[in-house]
Amino acid sequence: MSSVVLCTTMWGQVAEHVGAQREGELLANFWQVMINKGATMRRVLDSRDSACETITSLINLRRPVALQIQQEMVDQGKPVSATEASRD
């Protein structure tokens, strides 16, 4: 789950306190198990910059995992099910 980013959106459509309350409900009722296993939460604000920052963070997050899985599958001959990526 360390490769999972749970994003909230539509922050410009609700008051900050309402959005924060909904975000808390997501955390408490739906996302807690994933976060306990390494997933992270992120607010995607209503701007191009915020979206680009989110995409950049995802690209940076995935790069090491992609290289590792390539090494495990190609160099070590492991099936996908035996790689570190399948354990997350």
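Remember, predicted model here, so these are calculated numbers, not experimental data. (Residues numbered from 1 in each chain as written. Predicted model: local features only at pLDDT ≥ 70, side-chain atom pairs only at ≥ 80, totals over all residues. Heavy atoms only, no water.)

Asker: What exactly am I supposed to notice about the packing of aromatic side chains here?
Answerer: How two aromatic rings sit relative to each other is given by the distance of their centres and the angle of their planes. Inspection of the entire model under this criterion finds zero aromatic pairs. The ring of Trp11 has Arg43 lying over it, and the distance from NZ or CZ to the ring centre is 4.0 Å. (Phe/Tyr/Trp six-rings, centres within 6.5 Å; stacked < 30°, edge-to-face > 60°. Lys NZ or Arg CZ within 6 Å of the ring centre and 35° of its normal.)

Asker: It is not clear to me how the pattern of salt bridges should be interpreted in this structure. Could you clarify?
Answerer: Side chains bearing opposite charge may pair, as long as their charged atoms lie close to each other. Applying the stated rule across the entire model yields three salt bridges. Measuring nitrogen to oxygen at the nearest pair gives 3.0 Å for the salt bridge that ties Arg43 to Glu16. Highlighted residues: Arg43 in strand E2 (residues 40–43) and Glu16 in helix H1 (residues 16–36), separated in sequence by 27 residues. Between Arg43 and Glu23 there is a salt bridge, with its nearest N and O atoms 2.8 Å apart. Taken together, the residues Arg43 in strand E2 and Glu23 in helix H1 connect sequence positions 20 residues apart. Judged by relative accessible area, which is 14%, Glu23 ranks as buried. Each of the salt bridges in this network shares a partner with another, and the network as a whole consists of Glu16, Glu23 and Arg43. (Salt bridge = Lys/Arg side-chain N within 4 Å of Asp/Glu carboxyl O. Helix = DSSP H or I, 4+ residues; strand = E, 2+ residues; numbered from the N terminus. Buried < 20%, exposed > 50% of the residue type's maximum accessible area, 1.4 Å probe, protein only.)

Asker: Can you walk me through a nonpolar patch on the surface in this structure?
Answerer: Side chains of Met73, Val74 and Val80 sit close together on the surface and give an oily, nonpolar patch of about 270 Å² of accessible area. Take Met73: it is sitting in helix H2 (residues 48–75). In this structure Met73 comes out as partly exposed when scored by relative accessible area, which is 34%. (Patch = residues over 30% accessible without salt bridge, like charges linked within 9 Å, V, L, I, M, F, W, Y side chains within 5 Å. Areas by Shrake-Rupley, 256 points an atom, 1.4 Å probe, with all protein chains shown as cover.)

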